[in-house]
Amino acid sequence: MKPETVLVFWFKELEEKQWFIKDEALDRHITERFADFHAAATTGELFNWRKTAHGRLAEIIVLDQFSRNMYRDQPQSFASDPMALVLAQEAVSLGLDRKLVTPQEQAFLYMPYMHSESEIIHEVAVDLFSQPGLEHNYEFELKHKKIIDRFGRYPHRNEILGRPSTPEEVAFLKEPGSSF
């Protein structure tokens, strides 16, 4: 298992539009191709990848993005979020985000911040995504933060996670564009 396998797949084999769309065939492909990577990442076995900025980015993509594809609409899709966030926080603390080549790479290193349900984490996320080259992601971060500031969580996850929704959340989820 090499981090380059993940990075080549994510940034070269996929088109950008595939990163955020619901596609059952892509979800199956990621599951078939990267299940071993995901199992190793969730048990901390990819620790050697963390020696480089790109290795750490690959591990974060496996934990943060592949989890969402492999376990779409299941609680496990969010189970690796805390580990991905800690890896991203360490990367930022060590300045590894500055060693990434493209804004897309930086955005995916920062993505665990955006996926967090913590208001404190989103305060940091706004700063991270406000960097030049990340304008599109910055707009999405502001939308995510607005939801977290209002509800303290993402209401669109409630059903998947077995959380009861408040009447305000139910009304919000009926609004166009309320879910990502």
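Residues numbered from 1 in each chain as written. Predicted model: local features only at pLDDT ≥ 70, side-chain atom pairs only at ≥ 80, totals over all residues. Heavy atoms only, no water.

An unreviewed UniProt entry lists the chain under the name DUF924 domain-containing protein, with Thalassospira indica as the source organism.

Helix and strand content of the chain: nine helices and zero strands. The helix and strand sequence of the chain, counted from the amino end, reads α-α-α-α-α-α-α-α-α. By principal-axis analysis of the C-alpha atoms, the chain measures approximately 45 × 35 × 30 Å. Counting every position in the chain, which comprises 180 residues, the buried fraction comes to 46%. The contacts in the chain between residues at least 6 apart in sequence include a share of 61% that link residues at least 24 apart. Carbon and sulfur atoms provide 54% of the accessible area of the chain, an area that totals close to 9400 Å². (Helix = DSSP H or I, 4+ residues; strand = E, 2+ residues; numbered from the N terminus. Buried < 20%, exposed > 50% of the residue type's maximum accessible area, 1.4 Å probe, protein only. Contact = heavy atoms within 4.5 Å. Areas by Shrake-Rupley, 256 points an atom, 1.4 Å probe, with all protein chains shown as cover.)

The biggest cluster of nonpolar side chains holds 42 residues, and the ones touching the most others in it are Val-6, Phe-9, Trp-10, Ile-30, Ile-61, Phe-66 and Tyr-113. Taken together, the elements giving at least two residues each to this core come down to α1 (3-13), α2 (24-42), α3 (53-70), α4 (81-93), α5 (103-115) and α6 (119-129). If we skip the residues at most four places from it in the chain, Tyr-113 touches Leu-85, Ala-88, Gln-89, Val-92, Ile-121, His-122, Val-124, Ala-125 and Leu-128. One finds Ile-147, Ile-148, Phe-151 and Phe-172 within the second-largest nonpolar core, a separate group that totals five residues. (Core = buried A, V, L, I, M, F, W, Y, C linked by side-chain atoms within 4.5 Å.)

Glancing now at the packing of α4 against α5. Where α4 meets α5, the closest approach of the two axes is 8 Å, and the angle between their N-to-C directions is 125°. Considered as vectors, α4 and α5 are oriented oblique to each other. Relative to α5, the crossing made by α4 is left-handed. Contacts from Asp-81, Ala-84, Leu-85, Ala-88, Gln-89, Ala-91 and Val-92 in α4 reach Leu-109, Tyr-110, Pro-112, Tyr-113 and His-115 in α5. By residue class, the composition of the contact of α4 with α5 is nine nonpolar, two polar and one charged. (Axes fitted to C-alpha atoms, helices over the stretch in contact; angles between N-to-C directions. Parallel < 35°, antiparallel > 145°, perpendicular 65-115°, else oblique. Left-handed = near helix turned anticlockwise from the far one by under 90°. Nonpolar A, V, L, I, M, F, W, Y, C, P; charged D, E, K, R; others polar.)

Below, the discussion takes up the packing of aromatic side chains. For the structure shown, the criterion picks out 15 aromatic pairs. Among the aromatic residues, ring-to-ring pairing joins Phe-9, Trp-10, Phe-11, Trp-19, Phe-20, Phe-34, Phe-37, Trp-49, Phe-66 and Phe-108 into one connected group. Between Lys-143 and the ring centre of Phe-140, over which it is positioned, the NZ or CZ distance is 5.1 Å. (Phe/Tyr/Trp six-rings, centres within 6.5 Å; stacked < 30°, edge-to-face > 60°. Lys NZ or Arg CZ within 6 Å of the ring centre and 35° of its normal.)

A separate point is the pattern of salt bridges. What the rule picks out here adds up to 13 salt bridges. The shortest N-O distance in the salt bridge between Asp-27 and Arg-72 comes to 2.6 Å. Here the residue Asp-27 occupies a position in helix α2, and Arg-72 occupies one in the loop between α3 and α4, the gap between them amounting to 45 residues. Judged by its relative accessible area of 9%, Asp-27 falls in the buried class. Judged by relative accessible area, which is 24%, Arg-72 ranks as partly exposed. (Salt bridge = Lys/Arg side-chain N within 4 Å of Asp/Glu carboxyl O.)

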